[in-house]
Every structure is written in structure tokens, then in C-alpha cells.
Amino acid sequence: MRELLRAVRTARAEPRPPRIPPPGRRDVLLAGLLAPAAVLEGVLRPDLPWRWLSVAVVVALVPTLVWRRQQPLAMVAVAFAGTALVPLITGGGMPELYSMAYLVVLPYALLRWGSGAQALAGAAVMVGKVGLASALHWTGPGDLVARFAVLLAAGALGVAVRYRAGARLRELDRVRLLERERLARELHDTVAHHVSAMAIRAQAGLATSGLRPDAATDALRVIETEASRALTEMRGMVRVLRRDRPADLTPGPGLADLERLGGDAQPGPPVDVEVDGATDGLPPSVAAALYRLAQESVTNARRHARHATRIEVRVTVGAEQVRLRVSDDGEAGHARPAGSPGYGLTGMAERADLLGGTLRAGPGPGRGWTVTAVLPCRPVAV
């Protein structure tokens, strides 16, 4: 008994899932199709008892499908209470329209989108309705078991989908946090470089201030420039840092390391790297991000591109933006597995967004897969 009470308390404390989608056109279209279907069934089945009352009840409850995600408990209560009124009015007669099958979606939505307290209350409503219907229209224990089995199957499916969606959201959050941490470490390296330059210039200015005042002035100008860059990088680091962990002081890779992606020791198709434009003026955080995005894209191409013979990496540096394009010539339709975006693409998009850029990935115009990233030459600061 204690274990049961503990399980009930745990279930009641379960919050509603985040990111509940609002009613969309599909919901409205589904409701718009079910209402005429119920009317048509009533017309084609004149032998139904209490035909038009049953049709009216079914049509009146169709809008519950539209709001099943936002108000799952209220929609379950309205639907099951509405169908429970029919046998009370008819003296035991039940609506027997096939189109009533859509009500099975409501228990699923209750367990998928409702809180724990809503799920328990909704389960009580559904059990009470099934018990009342069985008492007024008893057809044997088999029918009662079948009704509970349908409700249980719909609810179990809702719980399973909810758990899977929650697990994916947690994994996506973990990937985003790891990407923020890695970018913060690279920004730390950049800030440390600027601070070291300021310290060296300050020491040189102090050493030469007595003999060469102009050298001290030049040192102050350099310190001002480095301090401004360090402040910009610090603001970016504050923006992305999320956990209080010591930074990894290992120097991060940059655009100069892109050639390593096409090394002979790497398995898979050869990688052709081309950089167009001057890269000396790019901030280290942007250069490191370009390398990471290219590295992940090349890894994905080698892993997923079927029968690919080459991978191209193109970096174009402009006055305001730098553009990265990674493409392969793998078989069309087999470049990536179907389904939702992978965690690698999620981390890449997160890194580009944190620096004020964009990232797109999809099938190429002819064959293979193409990843395109556009980053500002100066990272966006808070």
C-alpha cells in the first residue's frame, strides 16, 4: 500500500511537457472531416437507435480534438461526460456510431500532454464513465474488459511517446550545453591571448618610458586595442558559459588546421579544402567555429554518404561575413538517414547561432549532402 501511495504521489508531481504545440491546421482539418463523416454515417444507417441524438452528440464533441493538447483533462471530462448523458436520456441506449472511435485519441492526449494530476483525474473520469455505461448497458464481462483494454492501450501509447520525446529533449539539451562549454573554452583561449599581449606591452612600455616616451604611447594604443577585443570575447563567453567548470587550456584549432581534415590517414573519400580570402583578421572564436563545423560535416559525410568519391570544403571570407560550404557527391536520397535532425547537426546549429550566424543542412542540388554555414566576421556580443 505504501508503494502504491508513493507511486501516486510521484505521478501527481509530474509536470506537463514543455513546448506543447498549439492547435494547427491539421487539427482543424481532422475535426472538419469527422463531423461530416458522423452525419453521413447517421444518414446511411437508419437502423441506429436514437440516430440523430447520437449524431448530434458525436458532432458536438468533435472540437475536443482541436484542444486536446492544451486542455487534455477538460476535453476528456467533456467528451466522457457527454457520452455518459446519452444512456441517461435514452434509458440505457448507447451511441453506436463507428465515427466515435476518434474519442480514443483523448486518453492518448491526456497521458501525452497532461500533468500527473490531470492524468489521475482524467483516469478517474474515464473509469467512472466506463463503469456507468457497463452498469446501464451490461453485455457481459468481455465487453467491459475490452473497453478498459482500449483505454489502457491508448494511455500506454501516450506514456511511451511522452517518455521518448522527453528523452530526446534531454539529449538535445545536453548537446547544446556541451557545445556551449566547448565554445566557452575556445573563447577563454582567445581572452587569455589578448590579456597576455596587454601584459607584455605594458611591461615593454614601462621599461622604455624613461628613454622613449613615444614607445610608451604606442604600447598604450596596443593595450587599448587588445582590451577592446578581450572585452568583446569576454561578453561572448558570458553569453555561452552555462556551467561552473574549469576551462581546458589546450589551444583550440583554427582555419590553418583545415588541411588536416583531408589527411591521407583518414578513412573515406578524399577531402578537398579551399580557402578564398584573407583569414588573418578573423577572430579566433570564429575561426575555431569554422573548423569545428567543417570537421563535423566531413565526419558526417564519411559516415553517411554512400558511394561518395569526394568531399569539398569551401571557405569564403568577405568583408562582413564568412561562408563555409561542405558538400559530397554521395548517392541522392542516401546521404543521411531519414527522421529528425541528429545531435551533431543540433550542436552545429547551436554553435553558429551563439556566434550570430546561421547553418543549413540538406540534400545537394544534384547529389549528396550540403552543409552551409554563414558567420559574421565579428561574433555577436551581448
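Small disclaimer: the values here were computed from a predicted structure and weren't measured.

S.K.: It is not clear to me how the overall build of the chain should be interpreted in this structure. Could you clarify?
M.R.: When you go through the chain residue by residue, the secondary structure sums to 10 helices and 5 strands. For the chain, buried positions account for 40% of its 382 residues. Excluding contacts between residues fewer than 6 apart, the proportion of contacts in the chain whose partners are at least 24 apart in sequence is 76%. Accessible surface computed for the chain: about 21,400 Å², of which carbon and sulfur atoms make up 61%.

S.K.: Sorry if this is basic, but what is going on with a nonpolar patch on the surface here?
M.R.: A grouping of Val39, Leu40, Val43, Leu44 and Trp52 is seen on the molecular surface, where their side chains present a nonpolar patch of about 500 Å² in accessible area. Examining the composition of the nonpolar patch, we find that 4 residues originate from one element, helix α2 (residues 25–44), more than from any other. In this fold, Val39 is placed in helix α2. Taking the relative accessible area as the measure of exposure, Val39 reaches 38% and is therefore partly exposed.

S.K.: Could you clarify how one ought to interpret the sheet that holds strand β2 (residues 311–317) in this entry?
M.R.: Through backbone hydrogen bonds, the strands of a sheet pair up, either in parallel or in antiparallel fashion. Strands sit in the order β1-β2-β3-β5-β4 across an open sheet of 5 strands; the sheet is mixed. The sheet is open, and its two borders are formed by β1 (271–276) and β4 (358–363), each paired with just one other strand. Taken pair by pair, the neighbouring strands of this sheet meet at an average axis angle of 10 degrees, ignoring direction. For β4 and strand β5 (residues 369–376), the ladder comprises 6 bridges, and the chain directions are antiparallel. Bridge pairing in β5 places Pro363 opposite Trp369. Running at roughly 10 degrees to strand β3 (residues 321–328), helix α9 (residues 284–304) makes contact with β1, β2, β3, β4 and β5 of the sheet.

S.K.: So what exactly am I meant to see when it comes to the UniProt feature "transmembrane region" (unreviewed entry) in the chain here?
M.R.: In the numbering used here, UniProt assigns the feature "transmembrane region" (unreviewed entry) to residues 73–91, 120–138 and 144–163. With 100% helix and 0% strand, residues 144–163 has its two end C-alpha atoms placed 29 Å apart.

S.K.: So what exactly am I meant to see when it comes to the side chain of Arg69 here?
M.R.: Structurally, the position occupied by Arg69 is in the loop between α3 (51–61) and α4 (72–90). Reaching out from Arg69, the side chain makes a polar contact with the side chain of Asp27 at a distance of 2.3 Å. Excluding residues that lie within four positions of it along the chain, Arg69 makes contacts with Arg16, Ile20, Pro21, Pro22, Pro23, Gly24, Asp27 and Trp113.

S.K.: Explain the environment of Val78 to me, please; I cannot follow it from the model alone.
M.R.: Topologically, Val78 is positioned in helix α4. Looking at Val78, the relative accessible area reads 43%, which means it is partly exposed. Between the C-alpha atom of Val78 and that of Leu61, which follows or precedes it by 17 residues, the distance is 7.7 Å.

Scoring rules and cut-offs
- Residues numbered from 1 in each chain as written.
- Predicted model: local features only at pLDDT ≥ 70, side-chain atom pairs only at ≥ 80, totals over all residues.
- Heavy atoms only, no water.
- Helix = DSSP H or I, 4+ residues; strand = E, 2+ residues; numbered from the N terminus.
- Buried < 20%, exposed > 50% of the residue type's maximum accessible area, 1.4 Å probe, protein only.
- Contact = heavy atoms within 4.5 Å.
- Areas by Shrake-Rupley, 256 points an atom, 1.4 Å probe, with all protein chains shown as cover.
- Patch = residues over 30% accessible without salt bridge, like charges linked within 9 Å, V, L, I, M, F, W, Y side chains within 5 Å.
- Salt bridge = Lys/Arg side-chain N within 4 Å of Asp/Glu carboxyl O.
- Pairing = 2+ DSSP bridges.
- Axes fitted to C-alpha atoms, helices over the stretch in contact; angles between N-to-C directions.
- UniProt positions renumbered as here; feature names shortened; annotations may be inferred.
- Polar contact = N/O pair within 3.5 Å; in protein donor to acceptor, adjacent residues only side chain to side chain.

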